[in-house]
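# Structural overview
Take a look at the letters that make up each chain.
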Amino acid sequence: MHAFIARRVLQSLYVLVALSVVIFFLIRFAPGNPSVIRLGFTEDMDAHAARERDEKELGLDKPIYVQYYRWVTHVVRGDFGVTVTLGIGVDVRTLVLEKARRSLPIALAAMLIGIVFSIPLGIIAGTRPNTVIDHAVTAFSLFGVAAPSFWVGLMLILFFAVRLGWFPTSGYGPIEGGFSFHNLVLPASTLGIQLVGGLTRFMRSGMLDVMSSDYIRTAHAKGLKYWAVVMRHALKNALLVVVTVIALTFGGLLTGAVVTETVFAWPGLGQLLVTAIKRLDYGVVQAAVLLAGSSFIFVNLIADIAYGYLDPRIRYQ
Amino acid sequence: MHKKLGLLSMGLITVMAFAAACGGGTETEVREVEVERVVTEERIVEVVKEVPVEVEVVREVTKTEVVEVIATREPEPTTMRAANLGPVEFLDSAKSQSVNDTFNALMHAGVVTRDVTYSQALPEIAHAWDISDDGTNFTFRIRDDVLYHNGNKLVADDLVWNWTRIRDDVAERGRGKAHMAVVTDFSAPDDYTFDVNLEFTTPIFMSERITNLPYMSDPAAISTIDTSPVYAGPYRFRKLIPGDKAEYELFPDHYDTQRLRGKPTTFISVPIEVDLTRIAALKAGEVDLIINVDFAHLDDIEQTKGLQLLDQPGGFTSSYLQIIFNYREGITKDKAIREAVQYAIDKEAINRVVFNGRGDVGCHPLPTEHWAYVETPCPERDPERAKQILTDAGYDLPVTLDWVPMFVPFSKVLAQVAKQSLAEGGINAEIRVLDTPSWFEQIHYGVKCGADGPECFGGLHKTFDAGDNWLGRTPDPDGMITNVFKTNEGTIESGFSGNNETRFYDPEIEKLFKAGLSTLDRDERIRIYKEIVDSIHFDEIPVVKLQTMPRFMGASYKVKDLLVGPRGGAYLIGRWEFSD
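Residues numbered from 1 in each chain as written. Chains lettered and ligands numbered in written order. Predicted model: local features only at pLDDT ≥ 70, side-chain atom pairs only at ≥ 80, totals over all residues. Heavy atoms only, no water.

## Regarding the confidence of the model for chain A
- For chain A, mean pLDDT is 84; residues scoring 70 or higher make up 93% of the total.
- Mean pLDDT across the secondary structure elements of chain A bottoms out at helix H14 (residues 312-316) of chain A, with 63, and peaks at helix H7 (residues 149-163) of chain A, with 92. (pLDDT = per-residue confidence, 0-100. Helix = DSSP H or I, 4+ residues; strand = E, 2+ residues; numbered from the N terminus.)

This is the structure we're talking about:
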C-alpha cells in the first residue's frame, strides 16, 4: 500500500510540474500585451519606447524559458511575486489565498445543495423509471445542466433579492464588512442548481444499473422490504460513481464558479482570475490556476488512495 | 443505513435553513435624526411718536419666530455605499487612469480645483493667485491651514516635490506629465507661495491642466503610497481589500469644514461588474450610488420609486462617440471609402437602438451647448450616394471592410446596427471582436513593424479598417479635438499617441492646434476650431462623429445634489450631501 501511495504522490508531482509549464506558456499565448494594459491611454508619450521600458521592468524582455526559470525558482520558495494591476505591491500568494478562502464557502455550500437534493432525487427517479416522477426529475436535472448560470443567477437576484427582498443581491457579506450566510444563499443556489442537475443524472443511472443486478433480485427474493433493499443494498453501490464525480467536481469548484462569482460580485478566486486575465496580470493568473490545479490534483490523489483502500485490485493494476 | 442517510439529509437541510435564517443581515439601521425645534415668542413693543401733535400711540406687536437649533453633538456616523465597475487598481493616483479608481478623488486636494463644467478653476490648496501680464507666470498663494491625513502640514515645497514626481518619476503612468506639457519650471520661494512658469500662455492651464493634478501627497509618506496613501482631501484612506472594496472616511481636520457638511462619514466603493446586478443592488437598497448606468436601463431607474438618475448640469457633456478609420493603411486609406461610410451610416438608428434615443446625433465634435460650437450642416444620410461614391472610385460593390468594435459593452450591438446601415450603402462591414488587451495593442497602440515607412510610424502600424470610438475628454476644444489627433512631438516621424488611433496628421492643422492652444482670445479660438473641424471632420474625414453622449449615474434619494461632470464621473468636489 505504501508503494502505491508513493507512486500516486510522485505521479501527482509530475502533473503539477506539467501544469506549471502549461499555465505559464498558455497565458503568454493570450492576445495582448501586459505593458500596453498597464500603460493605458498614453498622452504625450512615445508609446513604443514606453512599452519597451515597461516590458523590461516586468522582465518580459527576457526569453520565455528564462522567465519560466525565474518564476519556478521563486515559486518553490513560496514567492509568487506581487500583483502589478490589483493594488500595486500586494503579495500574490496572500491575495490568491485570501480569495480562495472566500471562494470556499460558495463551493462548500453549492456542494451541500448538490448532495442534499441530487441523491434523493436520483434515488426516486432511478427506482421508478419511466414514470411521471422520473420524467419530472429528469426534466429538472436537464434544466439544471442546461440553464446558463449567468441567467439563473440574474433570475434569482431579480426574484429573491429585488422583488421579495429575502436575500442580498451581491457581495460576500454586508458592505460594511464581514461574511454573511445571507449573501451566500443565492450564489450557492445558482451553482447548486447546476450541480443538482449533473449529480441527479449520475445518481439515477447508478440506481438503474444497480437495481437490475442479481444481488438486488436476490434480496427481493429473500423477502426484504422494498425500501430496505434500496437503502441498504442498492444505494451503497450506486453512490460509488456519484462520490467520484463529487470529488472531481469539488476540485474544480474553487475557480469554476467564475460566472457565478461575477454575477453576484462575490470577491472570490474565480472573479480574481477573470480580472487578472482581463488585465493580463500574469503573476496572479499563474498563481490562481496553480492553486486550483493543485487542489484538483490533491482531491484526485485522495480519491485514488481511498479507492486503493476500498478496492485492493486497483493497487495492483 | 437509510435512517442514517435520512438523518444526515435532514441535518444538512436544517443547517442550511438555520444559516440562511440567522446569518448576519444587511438591514440598514434606522436612526432618528435629532433636531430640536425651539419656538420662542418675543413681544416687541413698537413706540411710534408723532410730533408735533402730542399724542402718543403705543402699538403692541407680537412676532412669533421659529428658531431651528441643530443638536451640537457629533453627527451620527453615516455610510454611503457606491458600486463601481471594478476594484480599485491604484491608490497612487499619479499612476492611475482607470475609471475604477474614480472614488479615490475623495481623498484628493490639488493646487486648485474645478467647477462642475470643468471649465473654471476654483481655489483649493491655493486660496488666491496672480497671473503675469503675458500670462506665462502664475503665483499661487497657499493656505496655511492645509493638513495631510497624517496631520502633517502642507507647504509649498510639497507641491514642488509632487509636481516633480508626477513629471519625472511616474511619467509613464497616468496622465500627469501630459497635463504639465506647457510648464517650464516651478518653485516655492517660501512656504506659502508656489510659482509656475509656462512656455506660452494658454487658456487651458488653469481650467484643465492644473485641475487635473489634484493628488498632492505627503512626501514623508511616499513609501506607503501604493498601499496606504496620505493626501490632503476631505476623505482619508481607510482600507482596501485588493480586488474588492475600498473604504474612505471623512477627514475631520480638513481645512474646508463647509465642504464636509452633510457628507457621509464613511464612503465605501464596491466592485459590481455586471450591469444588472449593479442596478439590482441599487433597487434593493444595498448601495446608494451606481456609476455608468447602461442606456438600456435609464428608464428603469427613472421609473423606480426611491431612485433617481443623476445627470450632467444643463446636459453639458464632453463625452462623444465617433467612427474611426485607419487613415494610413488598407482600404480606408482611400477617402472615397471614408466618405461613403459617412453617407451610409445611420446615426439615428444607432442612437435609437443602442442608446435608447438619449444621445444627441450630430457631426460636430463639440456639443451644441459648447461655447466653441458653430452651427454646421451635417451630411444627410444617403446610402445611394455612398454607393455612387464607391462606384465612381472604381470599386465593385459591396466593398468589404474590417470593423473592430471598441471594448465597451455597447460596441458589439452598435457594430451590428452599423453593419446593417452600411450594407444599404454598398459596404460590407465584417465585424471582428477583440478582447480589451488586443484592442489596446492592435487599435490603440499599434503592432510592431519593421522599418518606418508609409504605413509604419514610430515602429508601429494598425490592423483595422474602421470601428467605433467612445471618448470622454476635457471640455475645452483642445481636449475634445486636438487631443484626439495627437502626434508625439507634433511631427509625423515621431509617431502617434494619445487617442490618435486614426493616425491622422496634417502639418497645417498642427499649426492651428498650436494657435488654438496659445491664444486667450475666445473669438479667435472659435474661428480656429471651426477651421480645424471643417478641415478634419468634413474634408479629410479620419473620423465620423456619431453623437454626443450624455452620462448618467443612478442613486437613491439619500444622495442629494450630486452632479455628473462633463466626462461622466461624479463631481465629488461639490456641495452634495448624504442622509442615511
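## Some words on the pattern of salt bridges
- Per the stated rule, a full pass over the model turns up 40 salt bridges over all chains.
- Lys62(A) is paired through a salt bridge with Asp61(A); the nearest N and O atoms lie 3.8 Å apart.
- Its relative accessible area of 33% is what places Lys62(A) among the partly exposed residues.
- When its relative accessible area of 39% is taken as the criterion, Asp61(A) is described as partly exposed.
- Two residues, Asp145(B) and Arg143(B), come together in a salt bridge whose shortest N-O distance is 2.9 Å.
- Asp145(B) gets classed as partly exposed once you look at its relative accessible area, which sits at 30%.
- In this structure, a network of salt bridges that share partners links the residues Arg236(B), Arg238(B), Lys239(B), Glu247(B) and Glu249(B). (Salt bridge = Lys/Arg side-chain N within 4 Å of Asp/Glu carboxyl O. Buried < 20%, exposed > 50% of the residue type's maximum accessible area, 1.4 Å probe, protein only.)

## Focus: the state of the cysteines
Residues and elements named next belong to chain B.
- Taken as a whole and judged by the stated rule, the model has 2 disulfides over all chains.
- Here Cys-363 connects covalently by a disulfide to Cys-378, the sulfurs 2.1 Å from one another. Between Cys-363 and Cys-378 the disulfide shows an S-S torsion of about -95 degrees. By sign, it is left-handed. Note that Cys-363 is positioned in the loop between strand E16 (360-361) and helix H10 (383-392) and Cys-378 in the loop between E16 and H10, a separation of 15 residues in sequence.
- You can call Cys-363 buried: its relative accessible area is 6%.
- On the basis of relative accessibility, which here comes to 33%, the residue Cys-378 falls in the partly exposed class. (Disulfide = S-S within 2.5 Å.)

## Some details on the side chain of Gln322(B)
Residue and element names in this part refer to chain B.
- Counting through the fold element by element, Gln-322 comes out in strand E15 (residues 319-325).
- Classification of Gln-322 as buried rests on a relative accessible area of 1%.
- Those residues in contact with Gln-322 that sit more than four places away from it in its chain are Gly-467, Asp-468, Asn-469, Leu-471, Val-484, Val-543, Val-544, Lys-545 and Leu-546. (Contact = heavy atoms within 4.5 Å.)

## Quick look at the packing of aromatic side chains
- Enumeration according to the criterion identifies 32 aromatic pairs over all chains in this entry.
- Seen from their ring centres, Tyr226(A) and Trp227(A) are 5.6 Å apart, and the 85 degrees between their planes marks the pair as edge-to-face.
- Residue classification places Trp227(A) among the partly exposed residues on the basis of a relative accessible area of 37%.
- Look at Phe407(B) and Phe440(B): their rings are 5.4 Å apart centre to centre, the planes differ by 25 degrees, and that puts the pair in the stacked class. Highlighted residues: Phe407(B) in the loop between strand E17 (399-403) and helix H11 (411-424) and Phe440(B) in helix H12 (residues 436-445), separated in sequence by 33 residues.
- Accessibility expressed as a relative area gives 25% for Phe407(B), which makes it partly exposed.
- An aromatic cluster of at least three residues, connected via ring pairs, comprises Trp129(B), Phe138(B), Phe140(B), Trp163(B), Phe186(B), Phe194(B) and Phe205(B).
- Seen from the ring of Phe24(A), Arg28(A) lies directly overhead, with NZ or CZ sitting 3.6 Å from the centre.
- Across the ring face of Tyr118(B), the terminal group of Arg114(B) is positioned such that the distance to the ring centre comes to 3.9 Å. (Phe/Tyr/Trp six-rings, centres within 6.5 Å; stacked < 30°, edge-to-face > 60°. Lys NZ or Arg CZ within 6 Å of the ring centre and 35° of its normal.)

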